[in-house]
Amino acid sequence: MTTRILTGITTTGTPHLGNYAGAIRPAIVASRAADADSFYFLADYHALIKCDEPLRIQRSRLEIAATWLASGLDTDRVTFYRQSDIPEITELTWLLTCVAAKGLLNRAHAYKASVDKNVEQGEDPDAGITMGLFSYPVLMAADILMFNAHQVPVGRDQIQHVEMARDIGQRFNHLFGKGKEFFVMPQALIEESVATLPGLDGRKMSKSYDNTIPLFGSAKQLKAAVSSIVTDSRAPGEAKDPDNSHLFTLYQAFSTAAQQAEFRADLLGGLAWGEAKQRLFELLDNELGEARERYNALIERPADLEDILLAGAAKARKIATPFLGELREAVGLRSFRSDLQSTQNTKKKAAKGARFVSFREDDGSFRFRLLAADGEQLLLSKNFADGKTAGQVSKRLQDGSPLDVRVDGNAFAVWLDDEAVGASPQFADAAACEQAVSQLRDALAPQPE
Ligand code: TRP
């Protein structure tokens, strides 16, 4: 059995080295497992909750897409798409919103933190809080439940959201499933072994601390960042303590055990910090150099990136569209047509529901229509001089002998004795026409007992 792994990346920033080691690299490695069916997407609707700068959103989507692809994500293996290219996500969000308890969302950490801050500052509790922020977990539940993900790799701050997705999904199953489980219950996956990289100053590498190392900046930028890593003041020749040096921690995240052992020994032996930095720079430049070239090439061809993401969206929608159809059906958003059909039990019976209706034209001639069970006109006969001939023709069409159907463009005609006796309306496209032909054949086929 395959495990479906799904995670979203909020598109508000530019990925840095910490994102790469902590999320991108492990996700790409996980996607290569034989039993993994991975869904990775740009959570650009989530980005809108936090950011009202269109250019930043635009830029970040492009950079994050290019980063994942340049880092080796194989879009033949995984489904890689933008959340906002899947309209079914927003539709599902509404279906879930209608079953999500407000009390549940009141307890969301992110919302509560904003409320607490407002109260602390003597503001109205909901000052500056949008419905987007409040409903954030419902949108995230839709992301997860839409594709029935088993595992959702996330940071600790997101565990509660995955739990809420379970909660909301379960409620939907209970209300509308009639014993059927529409949604799989997702598990948050916290990778304990994955590195949390320290930043330049030793605190966790994070944009909010302004201590990041750029991932795909130029070699020059990388060098400048590495040389600004904070170290202690031990002079060249003095022994360094690798275990208390975040420079060494950074080195470890990208090196083999042998390289680490050598670097450790050299630090203990008094390697100068300047040289240690040069070694770290070379290591990173080596690891990232090729990917950086791929990244720059991708960024220069945004139209190609667009195509790649649209192909990913099409792949995702192959699942999302029919599934959402089922869910709409389950809650009662049903076509009036299929409603009629569902009162007929089987396909055969539906076909039987097709009927001939004859009528008289103003000029006194007779014609008939063949209507499908749903009332759609499949065929309109030619004009017959009298009702009897019209009746004979409609009988012969039902006598089980092979039908002579001739398709012309998006319409067809039915022939009998070298003469077209009826014609279909013009259909919207070839597929609709083809479907009508098969409905016609079904309707006129001899019915089994
Ligand atoms: N909220 C997540 C974050 O900020 C991003 C995200 C959106 C996500 N939808 C998701 C993660 C679905 C996992 C699954 O990190």
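Please read these numbers as outputs of a predicted model, since none were measured by experiment.

Visitor: Can you explain the overall build of the chain? Please cite residues and give values.
Guide: When helices and strands are tallied, the chain shows 17 helices and 11 strands. With respect to the three principal axes, the spread of C-alpha positions in the chain is 115 × 50 × 40 Å. By residue count, 42% of the 449 residues in the chain fall in the buried class. Within the chain, counting contacts between residues at least 6 apart in sequence, those at least 24 apart form 68% of the total. About 23600 Å² of surface is accessible on the chain, with carbon and sulfur atoms providing 51% of the total. Seen as two clouds, the 51 positive and the 60 negative side-chain charges of the chain have centres 4 Å apart.

Visitor: Explain the confidence of the model for the chain to me, using residue names and the numbers behind them.
Guide: Mean pLDDT over the chain: 92, with 95% of residues reaching 70 or higher. Confidence drops under pLDDT 50 across residues 343–350; counting only partners more than four residues distant or on other chains, this segment forms six contacts.

Visitor: Provide a residue-level description of the pairing of strand β10 (residues 411–416), including the pertinent values.
Guide: Among the six residues in β10, five count as buried, and that is most of the element. Pairing of strand β9 (residues 404–408) with β10 involves five bridges; the strand directions are antiparallel. The residue of β10 that forms the bridge with D404 is W415. Here β9 folds back onto β10 in antiparallel fashion, the turn holding two residues, of which G409 has a positive phi close to 65°. Pairing of β10 with strand β11 (residues 419–423), which is carried by four bridges, proceeds in the antiparallel orientation. Residue pairing in the sheet places L416 in a bridge with E419 of β11. Between the end of β10 and the start of β11, which pair antiparallel, lie two residues, with D417 showing a positive phi angle near 50°.

Visitor: Just give me the short version of the sheet that holds β10, but keep the residues and values in it.
Guide: One open sheet holds the six strands; their spatial order is β6-β7-β8-β11-β10-β9, and the pairing between them is antiparallel. Edge strands, defined here as strands with exactly one partner in the open sheet, are β6 (355–360) and β9. Each adjacent strand pair in this sheet contributes to an overall mean axis angle of 30°, direction not counted. Contacts from helix α16 (residues 387–397) reach β6, β7 (366–371), β8 (377–381), β10 and β11 within the one sheet, and its direction differs from that of β7 by about 30°. On the sheet, helix α17 (residues 430–444) packs against β6, β7, β8, β9 and β10 and is oriented at approximately 35° with respect to β10.

Visitor: A description of the site of the ligand should follow, citing residues and the corresponding values.
Guide: Around the ligand, the surrounding shell holds 14 residues, and the nearest of these are T10, H46, Y136, D143 and Q158. Between the ligand and the protein, one listed contact pairs an oxygen atom with a side-chain N or O atom of T10 at 3.2 Å. Contact with the protein chains hides 89% of the accessible area of the ligand, taken as 360 Å² for the molecule alone. Structurally, the ligand is housed in the largest pocket. Counted by class, the shell around the ligand contains eight nonpolar, five polar and one charged residues.

Visitor: Which residues make up the environment of V154, and what values go with them?
Guide: Along the chain, V154 falls in the loop between β4 (151–153) and α8 (159–176). Judged by relative accessible area, which is 15%, V154 ranks as buried. Taking C-alpha positions, V154 is 8.6 Å from G8, a pair spaced 146 residues apart along the chain. In contact with V154, not counting residues within four places along its chain, are T7, M140, I159, V162, A188, L189 and I190.

Visitor: Just give me the short version of the environment of G325, but keep the residues and values in it.
Guide: Its place among the elements puts G325 in helix α13 (residues 302–331). The exposure class assigned to G325 is partly exposed, which follows from its relative accessible area of 35%. Separated by 237 residues in sequence, G325 and E88 place their C-alpha atoms 9.4 Å apart.

Visitor: Kindly report on the domain arrangement of the chain, identifying the contributing residues and their values.
Guide: Examined at the domain level, the chain breaks down into domain 1 (3–196 + 301–331), domain 2 (216–299) and domain 3 (344–444). In this structure, domain 2 and domain 3 have C-alpha centres spaced 78 Å apart.

Visitor: Hey, could you go over the nonpolar core for me, with residue numbers and the actual values?
Guide: Counting 52 residues, the largest nonpolar core has L17, W68, F80, I213, F254 and L280 as the members making the most contacts within it. The two domains that each donate at least three residues to this core are domain 1 (3–196 + 301–331) and domain 2 (216–299). With residues up to four places along the chain from it excluded, the contact list for F80 reads Y40, L42, A65, W68, L69, L73, T75, L309, G312 and A313. With 46 residues, the next largest nonpolar core counts L95, F134, A142 and A165 among its residues.

Visitor: Run through the layout of surface pockets, naming residues and quoting values.
Guide: Space inside the largest pocket adds up to approximately 1800 Å³. Breaking the lining of the largest pocket down by element, the ones donating at least two residues are β1 (3–10), α1 (17–31), β2 (36–43), α2 (44–50), α3 (54–70), α7 (131–146) and β4. Top contributing element to the lining of the largest pocket by residue count: α1, with eight residues. For the lining of the largest pocket, the residue count by class is 26 nonpolar, 16 polar and eight charged.

Visitor: Quick rundown of unusual backbone geometry? Include the residues and the values.
Guide: Of note in the backbone geometry, D210 takes a positive phi value of approximately 55° without being a glycine. Note on placement: D210 falls in the loop between β5 (187–189) and α9 (219–227). The phi torsion at D418 lies on the positive side, around 60°, for a residue other than glycine. Topologically, D418 is positioned in the loop between β10 and β11.

Cut-offs used in this document
Residues numbered from 1 in each chain as written. Predicted model: local features only at pLDDT ≥ 70, side-chain atom pairs only at ≥ 80, totals over all residues. Heavy atoms only, no water. Helix = DSSP H or I, 4+ residues; strand = E, 2+ residues; numbered from the N terminus. Buried < 20%, exposed > 50% of the residue type's maximum accessible area, 1.4 Å probe, protein only. Contact = heavy atoms within 4.5 Å. Areas by Shrake-Rupley, 256 points an atom, 1.4 Å probe, with all protein chains shown as cover. Lys, Arg positive; Asp, Glu negative; His and termini not counted. Charge placed at Lys NZ, Arg CZ, Asp CG, Glu CD. pLDDT = per-residue confidence, 0-100. Pairing = 2+ DSSP bridges. Axes fitted to C-alpha atoms, helices over the stretch in contact; angles between N-to-C directions. Near = heavy atom within 4 Å. Polar contact = N/O pair within 3.5 Å; in protein donor to acceptor, adjacent residues only side chain to side chain. 1 Å grid on protein atoms, 1.4 Å probe; cavity = no way out; pocket = protein on both sides within 12 Å on 5 of 7 lines; lining within 4 Å. Sits in = over half its atoms within 2 Å of the grid points. Nonpolar A, V, L, I, M, F, W, Y, C, P; charged D, E, K, R; others polar. Domains from an automatic or database assignment. Core = buried A, V, L, I, M, F, W, Y, C linked by side-chain atoms within 4.5 Å. Points joined across faces, edges and corners; volume = space filled by probe spheres on them.

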